[in-house]
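Observations on the model geometry
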Amino acid sequence: MTDKKSNIPLSKPHFPAALRKAIAADIEDILASGRLMSGPWAKKFEEQFAALTGRAHAVSVHSCTTALQIALSFADVKGKDVLVPAGSFITDISVVEFAGGRPVLVDMNPETLALDIEDLRRKITPETAAVIWVHLTGIIAQDFQAILDFTQKHGLFLIEDAAHAHGAEIDGRRAGSFGDASTFSFYPTKVLTSGTGGMLTTDNPDLARYAREIRMFGKDEETGEIVHYGNDWFLDEIRACVASHQTSDLEGQVVRRREIAAAYHMAFANQPGFRMLDVAAGNLPAWYQYAVFLNPAVDRKALIQMLKSKHGVDTKGIYKPTHHEQIFRKFDDGRLTATEDVLHRSLCLPMHAGLRDDEVKKIADALVTEVRAQLG
Ligand SMILES: Cc1ncc(COP(=O)(O)O)c(C=O)c1O
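Quick look at the structure, then. (Residues numbered from 1 in each chain as written. Predicted model: local features only at pLDDT ≥ 70, side-chain atom pairs only at ≥ 80, totals over all residues. Heavy atoms only, no water.)

**Brief notes about the pattern of salt bridges**
- In this structure the tally under the stated criterion is 25 salt bridges.
- Across the pair Arg-209 and Glu-222 runs a salt bridge, and its minimum N-O distance is 3.1 Å. Of the two residues, Arg-209 sits in helix α7 (residues 205–214) while Glu-222 sits in the loop between α7 and α8 (237–248), which places them 13 residues apart along the sequence.
- A relative accessible area of 24% places Arg-209 in the partly exposed class.
- Given the relative accessible area of 67%, Glu-222 is considered exposed.
- Linked through salt bridges whose partners overlap, the residues forming this network are Asp-119, Arg-122, Lys-123 and Asp-333. (Salt bridge = Lys/Arg side-chain N within 4 Å of Asp/Glu carboxyl O. Helix = DSSP H or I, 4+ residues; strand = E, 2+ residues; numbered from the N terminus. Buried < 20%, exposed > 50% of the residue type's maximum accessible area, 1.4 Å probe, protein only.)

This is the structure:
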């Protein structure tokens, strides 16, 4: 049995020594300056994200959940339907409830892990106001144009949840550039992290201003009067500094994640028992997670257990389907079957920029060995 401490974790924040040293020096300066909010680091971080996504505005906030809440409140979805993927993190449905909207769960396209365009078409009603589109695992859907055309044709507010997709791009377009509002997370497991944190990107100056006012207790930027019900959702200087350094390091991190994904992909070519996603040339994921999809003959629970106990490799499913959480069961229309099938068969392998080549090989060998052992 492998010692628990030597497990290869699924994710690990990327803070190499030189980066830690640079961050520590800058935090020392921040503390000495006494300016802990609305200072140069938040400004720099926002400029980096506007440049990264090619958007006119980037507004740093407390978390991605916060950014989603602000976007839905701006879109005024109260009493209206919001189309939400059934296969995503539960925050995407919770925020609709917070905003007083009615979540309508949409099934998944198993080839893209994103919204199934046919199910979107089935579920739109005159009451639909917005759509939340998630780049699950960090891959932008190959049929993204169909999603954009659908929302445009029906005049829907498009929220692009890019919490998994820092640096992802398709046909030269970056994640965070597609939505009326686009959102990012800097939660500890994410491609970039500041402990916690979020960003909203947009080309809409009214939304950008609304976000800046909401994150500061609802205070009008010019008059200082309270004009909205707001909150203290700004990103402080310390977290903005950490996030800014992480962003400067992003390109290298994403290149490494792509190398690891390519190594997994090569190791798994023609292996029985599971499939991988077919990612087209020109589609460059951020690879927040690297998932394979097990055949029905493979017992996922037993596999996860064996990979951990025998090989010291941590693995897990992507997420539980949203409608399988007790609190969200009422949103199950009984037809979210592709989401259930894909998520129940998904298995995420360790993925982070600090993984060494020998670890990648060890993980790949372990998976192939244990799947083969199960297939007999
Ligand atoms: C797809 C997705 N959206 C939003 C979030 C929420 O991010 P945050 O923790 O920054 O609010 C997460 C967090 O895991 C996520 O996976």
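**Looking at helix α1 (residues 17–33)**
- The end-to-end C-alpha distance of α1 is 24 Å, a good match for the 24 Å that 17 residues give at a rise of 1.5 Å each.
- The complete set of buried residues in α1 reads Leu-19, Ile-23, Asp-26, Ile-27 and Ile-30. Each buried residue of α1 sits inside an arc of 105° when the element is viewed along its axis, so together they form one side. Opposite the packed face of α1, turned more than 90 degrees from it, sit the exposed residues Ala-18, Lys-21, Glu-28 and Ala-32.
- Contacts made by the buried residues of α1 are with α2 (40–53) and α8.
- Directly after α1, the chain includes Gly-34, whose backbone phi takes a positive value near 80°. (Expected span 1.5 Å × (residues − 1). Arc of directions from axis to C-beta. Contact = heavy atoms within 4.5 Å.)

**A word on the pairing of strand β1 (residues 57–61)**
- Counting buried residues in β1 gives four out of five residues, a clear majority hidden from the surface.
- Direction of pairing for β1 relative to strand β9 (residues 198–202): antiparallel, over a ladder of five bridges. Its bridge partner being in β9, Ala-58 is matched across the sheet by Thr-201. (Pairing = 2+ DSSP bridges.)

**Things to note about the site of the ligand**
- Taken together, 16 residues form the shell around the ligand, and within it Thr-65, Asp-161, His-164, Ser-185 and Lys-190 come nearest.
- Taking Cys-64, its main chain carries an N or O atom lying 2.9 Å from an oxygen atom of the ligand.
- Interatomic distance of 2.7 Å between a side-chain N/O atom of Ser-185 and an oxygen atom of the ligand.
- Against a free-state accessible area of 390 Å², the protein chains account for coverage of 94% of the ligand.
- In this structure the site holding the ligand corresponds to the largest pocket.
- Broken down by secondary-structure element, the contributors of at least two residues to the shell around the ligand are α3 (64–75) and α4 (91–98).
- In terms of residue class, the shell around the ligand is built from six nonpolar, seven polar and three charged. (Near = heavy atom within 4 Å. Polar contact = N/O pair within 3.5 Å; in protein donor to acceptor, adjacent residues only side chain to side chain. Areas by Shrake-Rupley, 256 points an atom, 1.4 Å probe, with all protein chains shown as cover. 1 Å grid on protein atoms, 1.4 Å probe; cavity = no way out; pocket = protein on both sides within 12 Å on 5 of 7 lines; lining within 4 Å. Sits in = over half its atoms within 2 Å of the grid points. Nonpolar A, V, L, I, M, F, W, Y, C, P; charged D, E, K, R; others polar.)

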